[in-house]
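Descriptive analysis of the structure
The primary structure of each chain is shown beneath.
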Amino acid sequence: MRIIIIGSVAAGTSVAAKARRNSEECEIVIYERDRDISYSACGLPYYIGQKGIERSDLTPRDACWFKKRFNMDVRTGYEVLTIDPSKKSIEVKDHHTGEIFEDFYDKLVIATGAKPINPDITGVDNNNVFTVRNIESADKIIGYIAKTFPKKAVIIGGGYIGLELLENLVKLGIDVVLIEREKSLAGKLDRDISIYLEEYLKDKKVKFLLGEEVSEITEKKVITKSGKSIEADFVVSCTGVRPNSKLAKEIGIETFDNGAIKINHKLETSMEDIYAVGDVAMSWSIIDGAPMYVPLGSTANKMGRICGDVLTGGALRFKGILGTGIFQVFDMAVAQTGMTEAQAKNKGYDIEVIHNLKPNQTEYFEESREMVIKAIADRKSAKILGVQIVGARGVDKRIDVFVSLISMGATVDQLFHLDLAYAPPFSTTKDPVMYTGMILS
Ligand code: FAD
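Residues numbered from 1 in each chain as written. Predicted model: local features only at pLDDT ≥ 70, side-chain atom pairs only at ≥ 80, totals over all residues.

1. Regarding the site of the ligand
The test is simple: Each residue receives a C-beta atom built from its backbone; the residue is near a molecule or strand if that atom lies within 6 Å of it. In this description a helix means any DSSP run of H or I spanning at least four residues, a strand means any run of E spanning at least two, and both kinds are numbered starting from the N terminus. Note on residue classes: Ala, Val, Leu, Ile, Met, Phe, Trp, Tyr, Cys and Pro are nonpolar, Asp, Glu, Lys and Arg are charged, and everything else, Gly too, is polar.
Near the ligand you find 32 residues, and of these Gly 7, Val 9, Ala 41, Gly 113 and Gly 278 are the closest. Those elements that place two or more of their residues in the shell around the ligand are α1 (10-22), β2 (27-32), α2 (44-49), β4 (78-84) and α9 (297-311). When grouped by side-chain class, the residues that make up the shell around the ligand number 18 nonpolar, eight polar and six charged.

2. Considering the environment of Phe 104
Keep this limit in mind: Working definition of burial: number of other C-beta atoms within 10 Å of the residue's own, with buried at 20 or more, exposed at 12 or fewer, and partly exposed in between, all C-beta atoms being placed from the backbone. We call two residues in contact when the distance between their C-beta atoms, placed using the backbone, is within 7 Å.
Relative to the elements of secondary structure, Phe 104 occurs in strand β6 (residues 100-104). The class of Phe 104 is exposed, set by 12 C-beta atoms lying within 10 Å. Sequence separation between Phe 104 and Ala 377 is 273 residues; the distance between their C-alpha atoms is 50 Å. Not counting residues up to four positions away in its chain, the partners in contact with Phe 104 are Arg 2, Lys 88 and Ser 89.

3. Notes on the packing of α1 against α9
Heads up, the rule is: Every axis corresponds to a line fitted to the C-alpha atoms, with the helix fit spanning only the stretch in contact, and the corresponding angles, defined between N-to-C directions, vary from 0 to 180 degrees. Helix crossings get a hand from a simple test, with the near helix turned counterclockwise from the far one by less than a right angle marking a left-handed crossing and a clockwise turn marking a right-handed one.
Packing of α1 against α9 brings their axes to within 7 Å, and their N-to-C directions diverge by 35°. For the pair α1 and α9, the crossing hand works out as right-handed. Within the contact between the two elements, α1 uses Ala 10, Ala 11, Gly 12, Ser 14, Val 15, Ala 16, Ala 17, Lys 18, Ala 19 and Asn 22 and α9 uses Gly 297, Ala 300, Asn 301, Met 303, Gly 304, Arg 305, Cys 307, Gly 308, Asp 309 and Leu 311. For the contact of α1 with α9, the residue count by class is ten nonpolar, seven polar and three charged.

4. Some words on the sheet that holds strand β10 (residues 152-156)
Keep this limit in mind: By this definition, two strands are paired if DSSP reports at least two bridges between them.
Read from one edge of the open sheet, five strands run β9-β16-β10-β11-β12, paired in parallel fashion. Taken across any chain shown, the strands that pair with only one partner, and hence form the sheet edges, are β9 (129-131) and β12 (207-210). If you compare each strand with its neighbour and ignore which way they point, the axes differ by 20° on average. Here five bridges tie β10 to strand β11 (residues 175-180), and the two strands are oriented parallel to one another. Each residue of the ladder has a partner; that of Lys 152, found in β11, is Asp 175. Sitting on the sheet, helix α5 (residues 135-148) touches β9 and β16 (234-237), and the angle it makes with β9 is about 145°.

5. Focus on the pairing of β4
Strand direction decides the pairing type here: β4 and strand β5 (residues 89-94), joined by six bridges, are antiparallel. Across the sheet, Thr 82 pairs through a bridge with Glu 91, a residue of β5. Counting the residues in the hairpin turn of β4 and β5 gives four residues, including Lys 88, whose phi is positive at 50°.

Right, here's the structure in full:
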């Protein structure tokens, strides 16, 4: 069996590694348009902003490593131009020589990821405007900073990538203004949670504008639709991504309105012997099965591993996601899983909502900090639908406990009965998760 994979970052390489672990028999070829493979895009903001994080830390493996370790061919600098499902072939361009050739598959995996949304702004293609998507894009920012010593920057977009980058540019001593079109930062959160983040950043004298849309970028400034002019030597656009599904759409594979490829539990697309994994594919909610597009490395890796198993006859199946995410900006952590209050209401649930403010550990420790947990539960089934947490420490641990509970369909009364770990440096005798259960039930 000859498996061809298009794209070699999180999802594509996971498919290949699992397929090879399961079977020595199959032939595996990955075509990757770019130079870098199997890298950590999640580390890019820190690579840009923090000394000591090297390019090689983010790209620990190259094509030779994959050949040696997994006996597979990862061909970088090769772009797949078209797919012909009737011949089970693909057309590939070798960017080293310009040659175009045909290759044949038994199973084809589309792992082409997502690409940044290019906002409709005058000057967005200027030399001083950047995006952060792959290592090369981060290298461009690093090179620009090293060469021009910029003093001022604007980040467009207040999602988690914009916020992580904000912290890292500020730490480089750059005067940054973040501009967000919506009326709140981290727009996927409910307003009563994102407000904590905004207050925290205001206290730290971080500059951001909400409800402002950028209309023009010039060499030295950014102008908003309302007429505000902000000085900026350079701009980074972090306005989100959309699935890179052109190849699939061209041959009539079923996609959703946002372009994400429709897949099933086996990662199969609507076309025989063609699979899709990672940011290019639409996921679905574990809670109610509704389509969910939350492009994350955690999901891309999981989908990839399951697909590699399926291809080689394994029993693994993809079960969907909760859309769990976490990010840090300076020393504030923000995490979310499942539905927000707004989403649950939109879906017609009759909900119970609680806010629970508790220290992450025993208060006599100097580093003890308060965390805010917002939990949403369905009154009818008593099941937890979603949780959002902001705080300084221990947010990651709590959100993952909630993730486990929601994934298992736990009801609110079950929270209190959890035998959670306690010692003063880690928690309080009744952990904030238990308190949430006590208030909800
Ligand atoms: P991609 O990483 O997009 O890779 C797809 C590859 O396919 C690309 O290399 C592309 O060149 C190649 N390709 C496309 N078309 C073709 C073609 N026609 N021929 C050949 N090759 C092609 N996720 C988290 O879970 N946690 C985080 O903290 C986090 N932080 C992030 C921070 C940043 C700055 C960014 C940009 C992303 C972050 N993510 C995070 C998201 C995560 O990086 C992505 O979800 C993940 O990289 C998706 O992997 P993928 O393999 O599906 O797609």
